[in-house]
Structures are given as C-alpha cells and as structure tokens.
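Understanding the architecture of this molecule
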Amino acid sequence: MAVKTVGVIGAGQMGNGIAHVMALAGYDVLLNDVSQDALDKAKSVIEKNLDRQASRGAISEDDVKAALARITTSLTLSDVGQTDLVIESATERESVKQAIFEDLLPSLKPDTILTSNTSSISITRLASRTDRPERFMGFHFMNPVPVMKLVELIRGIATDEATFNTCREVVERLGKTSASAEDFPAFIVNRILMPMINEAVYTLYEGVGSIESIDTSMKLGAAHPMGPLELADFIGLDTCLAIMNVLHDGLADTKYRPCPLLTKYVEAGWLGRKTQRGFYDYRGDTPVPTR
Ligand code: NAD
C-alpha cells in the first residue's frame, strides 16, 4: 500500500518531531492534539528546528517552506481517520491510548494502518481493541526524532506482513534505519536503557554519588554522550516512570522496581526539561543539579 498522508496524534515533543520528519520526506501530515496550545507550540518548534537544519546547510530554504506547507493541525480527532497511516504519539498512559483508538474507529478508512509510538505498552493489547489488529503495529521513534536514526518496528501477534513492509518502507523514505522487535514490555531500546537510568536514580537515592558525579562517571567512564540523569530529564521523568512500571508489571520481576526517588520527582511535577526542572534545574543559563 502506498502511503501519502500521515496522521500524527499528540503534538508533544515526539509528535512534533514525527510531523517534522514526515513532512520533510514529502508526506502530507495532519497533526492532532487535545490542546490548541500544544498544536501552536508544535508548529513553532518544527519551524525553528527546520530553520536550524537549513542554517547548517542540511536542507534548503525551499525544503523548509515545502515541509511547513505539508503540515496541517486539527483539534478534531475524526479528521485523522482519512489519512493512510496513523501514528499515535499521545501521553504514555494506556487508558489515554485506548480511548484515542476507540474514538478514531468510526471515522477510519478501511485500509488505514494504525500504529503507536508507545515506548512500552503492549502493541497486541492496543491492537485487540481495534477493528484491524492485522493492520496495527508499533512505530517507535527515538528522541529527538529529527536527529536519531533508529525506528523500532514492533509486530503485534496479529500484524500482517504487508503492514510491516509498508511501515519499513516509510522508515527507509525518512532516511532512517529500522530494527524489528517482538512485542514484549518496552521492546529493545527501553528494555535495556530504562533499567540503567533507574539504577542511576538508585545510585543517587542511596548516596553512592551526586547527580554530577553519576553523570560525569557515565560520560567519561563509559563514553555515553549524555549522563543517565541528564538523559532522564531529556526523555521526561513521567515517561521514564511509566516505562519502569510497564517493565515491573509486565515481567513481574523485582529487578525492574522503579526507584522511590524517581516517583518522588514525578509527584513533585519535576518532570525534566519539559517542566524546566528534574534532576537539573533549567531555569537559569546553565543547568544546576537539584540535589
Ligand atoms: P508529551 O507529554 O511531550 O506529549 C504528549 C502530547 O499528547 C501532549 O501534547 C498532550 O496534549 C497530547 N495528548 C494527550 N491526550 C491526548 C488525546 N486524547 N488526543 C490527542 N493528544 C493528546 O509526551 P512525548 O514525550 O511526546 O511522548 C508521546 C509518546 O511518545 C509516548 O507514548 C511516549 O512513550 C513515546 N515516546 C517518548 C519518547 C521520549 O523520549 N519522550 C521517546 C520515544 C517514544
């Protein structure tokens, strides 16, 4: 099936990146959110990021104009039903995602492919509540979407080969590389990455090291481009906690127990960069550790 139009549900940090790369690759994009504020912010972030790519010479001014012209925004979910490929990228909460797919069903074209950018939730379970589990799969981008080269493609138990191949071709057209993952909690990248981040929070919680010494150790001692706590702030601490809970519940193993200090930060509403405070405080010129 040839994909021409892409519907992106959720215009947060991932949704705006997905709209950006899809439009740049020539797809017509309909970006949906429940919040007009989120849609306005997404449009301005996309414009800023495209301009930055143009100033580096990675793309031309004409590419920027053409990409922006391909993005339409809408607060009405049913508008998304007429697109060829839907990528749901709303808040990482299963009840939110289930409700979106349920509300979308009546307005869907028969052959629309449904996908979710979930970091951890069961693709098979999300698919089972729709009318097309064979045309449903995981389409998992990495953050920041315009920069990161990988997309994990996750087959639910019922996903058919044509759907998988169509999604793989879309990834190729984006100039990215796909890795195929089976549908088990948190798939590949987050199954490995999140326990490491959670362990870094335990290392802080138990007083083994400060925020700075933990991040410096992993940057200089393990050649990671970002420290684990810095990375957690970048991803969003609510998203990190949600993924740890999915690993803990889904694999029923205490080694995935979320660190109480991670829970505490989320309870405080200190969710990382997106709220200007997490393991670091971003309100000044340079980030300052919050413990
Ligand atoms: P975010 O909090 O930045 O954005 C979520 C957006 O969803 C918000 O704009 C919110 O208004 C919108 N939303 C909530 N309910 C909605 C609804 N019913 N209909 C339409 N929009 C709705 O979150 P994010 O970091 O962009 O994460 C989105 C998804 O991407 C999650 O499933 C997350 O697990 C996944 N993901 C995140 C990362 C990351 O590093 N943050 C990486 C890969 C995948």
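Note that the coordinates shown come from a computational prediction; the quantities given were computed from them, not determined experimentally. (Residues numbered from 1 in each chain as written. Predicted model: local features only at pLDDT ≥ 70, side-chain atom pairs only at ≥ 80, totals over all residues. Heavy atoms only, no water.)

When you go through the chain residue by residue, the secondary structure sums to eleven helices and ten strands. In terms of overall dimensions, the chain has C-alpha extents of about 55 × 45 × 30 Å along its principal axes. In the chain, buried positions account for 48% of the 291 residues. Look at the contacts in the chain between residues 6 or more apart in sequence, and 66% of them connect residues 24 or more apart. Distance between charge centres in the chain, computed from 30 positive and 38 negative side chains, equals 2 Å. (Helix = DSSP H or I, 4+ residues; strand = E, 2+ residues; numbered from the N terminus. Buried < 20%, exposed > 50% of the residue type's maximum accessible area, 1.4 Å probe, protein only. Contact = heavy atoms within 4.5 Å. Lys, Arg positive; Asp, Glu negative; His and termini not counted. Charge placed at Lys NZ, Arg CZ, Asp CG, Glu CD.)

Here the focus is the nonpolar core. Met22, Leu85, Phe139 and Phe141 are the most contacted members of the largest nonpolar core, which totals 36 residues. Considering each element in turn, this core owes the most residues, six residues, to helix 1 (residues 13-24). Sequence-distant contacts of Phe141, defined by excluding residues within four places in its chain, comprise Met14, Ile18, Val21, Met22, Ile87, Asn117, Leu150, Val151, Leu174 and Lys176. Judged by nonpolar contacts, the second largest core, of 27 residues, contains Leu204, Cys240, Leu262 and Phe279. (Core = buried A, V, L, I, M, F, W, Y, C linked by side-chain atoms within 4.5 Å.)

Here the focus is the site of the ligand. Taken together, 25 residues sit near the ligand, with Met14, Asp33, Glu92, Lys97 and Ser119 positioned nearest. A distance of 2.8 Å is found between an oxygen atom of the ligand and a side-chain nitrogen or oxygen belonging to Lys97. At a separation of 3.2 Å, an oxygen atom of the ligand approaches a polar side-chain atom of Asn143. Looking at the shell around the ligand, the elements with two or more residues in it are helix 1, helix 4 (94-104) and strand 6 (136-141). (Near = heavy atom within 4 Å. Polar contact = N/O pair within 3.5 Å; in protein donor to acceptor, adjacent residues only side chain to side chain.)

On to the domain arrangement of the chain. Assigned domains within the chain: domain 1 (5-181) and domain 2 (191-289). A C-alpha centroid distance of 26 Å is found between domain 1 and domain 2. Residue-level contacts link six residues of domain 1 with seven residues of domain 2. Its largest share of buried area at the contact with domain 2, domain 1 owes to Gln13, Glu92 and Ser120, together 59% of the area lost on that side. The tally of links from domain 1 across to domain 2 stands at zero salt bridges. (Domains from an automatic or database assignment. Buried area = accessible area lost by both parts, 1.4 Å probe. Salt bridge = Lys/Arg side-chain N within 4 Å of Asp/Glu carboxyl O.)

Here we come to a negative patch on the surface. Residues Glu47, Asp51, Glu61, Asp62 and Asp63 make up a contiguous surface patch of negative charge. Elements that contribute at least two residues to the negative patch include exactly helix 2 (36-55) and helix 3 (61-69). In this structure, Asp62 sits in helix 3. By relative accessible area, Asp62 is classed as exposed at 55%. (Patch = residues over 30% accessible without salt bridge, like charges linked within 9 Å, V, L, I, M, F, W, Y side chains within 5 Å. Areas by Shrake-Rupley, 256 points an atom, 1.4 Å probe, with all protein chains shown as cover.)

Turning our attention to the pattern of salt bridges. Per the stated rule, a full pass over the model turns up ten salt bridges. Taking the shortest distance from any N to any O, the salt bridge between Lys97 and Glu92 comes out at 3.8 Å. Its salt-bridge partner being Arg283, residue Asp281 comes within 2.6 Å of it at the nearest N-O pair. Residues joined by salt bridges that share partners form a network here, namely Glu88, Glu92 and Lys97.

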